[in-house]
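Below are the chains, spelled out letter by letter.
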Amino acid sequence: MNGLEWRNATTVELNPGFEVADADDRRVDTLRDVRVACEGGFLHLDIPGTKEIQLVSAPAVHRVSYRPDDS
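**Regarding the overall build of the protein**
Summing up its helical and strand segments, the protein has zero helices and seven strands in all. Listing each helix as α and each strand as β along the protein from the N terminus yields β-β-β-β-β-β-β. In terms of overall dimensions, the protein is globule-like: its C-alpha atoms have a radius of gyration of 11 Å, near the 11 Å expected for 71 residues. Overall, the C-alpha framework of the protein stretches about 30 × 25 × 20 Å when taken along its three principal axes. In the protein, buried positions account for 34% of the 71 residues. Counting contacts in the protein only where the partners sit at least 6 residues apart, residues at least 24 apart contribute 53% of the total. Of the accessible surface of the protein, which amounts to about 4,700 Å², a share of 47% is contributed by carbon and sulfur atoms.

**Let's talk about the nonpolar core**
In this structure, Val-12, Val-20, Leu-31, Val-34, Val-36, Leu-45 and Val-56 are the most contacted members of the largest nonpolar core, which totals 13 residues. Only strand S1 (7-14), strand S4 (30-39) and strand S5 (42-46) provide two or more residues apiece to this core.

**Here we look at the sheet that holds strand S7 (residues 61-66)**
Pairing is antiparallel in the open sheet, where five strands are placed in the order S6-S5-S4-S1-S7. In the strand order of this sheet, the two ends are held by strand S6 (54-57) and S7, each with one partner. Across the sheet, the mean angle separating the axes of adjacent strands is 45° when strand polarity is ignored. Bridge analysis of S5 against S6 gives four bridges, and the strand direction is antiparallel. Across the sheet, the residue bridging to His-44 is Leu-55, located in S6.

Definitions and limits used
- Residues numbered from 1 in each chain as written.
- Predicted model: local features only at pLDDT ≥ 70, side-chain atom pairs only at ≥ 80, totals over all residues.
- Heavy atoms only, no water.
- Helix = DSSP H or I, 4+ residues; strand = E, 2+ residues; numbered from the N terminus.
- Rg over C-alpha atoms; globule rule 2.2 N^0.38 Å.
- Buried < 20%, exposed > 50% of the residue type's maximum accessible area, 1.4 Å probe, protein only.
- Contact = heavy atoms within 4.5 Å.
- Areas by Shrake-Rupley, 256 points an atom, 1.4 Å probe, with all protein chains shown as cover.
- Core = buried A, V, L, I, M, F, W, Y, C linked by side-chain atoms within 4.5 Å.
- Pairing = 2+ DSSP bridges.
- Axes fitted to C-alpha atoms, helices over the stretch in contact; angles between N-to-C directions.

In structure tokens, the structure reads:
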């Protein structure tokens, strides 16, 4: 997809004041089981149940976790 290297993240936590829309269009700052890709200082978020890729800037990201064998 778009030449990005996607990973299956188990958790994405955003810093205070940053939020994205979840599948129910609620504003959230913590996501579980999403696909992520890094590019040019941005984190692309492919959230299950949504139709668009969401982007957050690097300063918005507190923590991303994924299993090393899952790329």
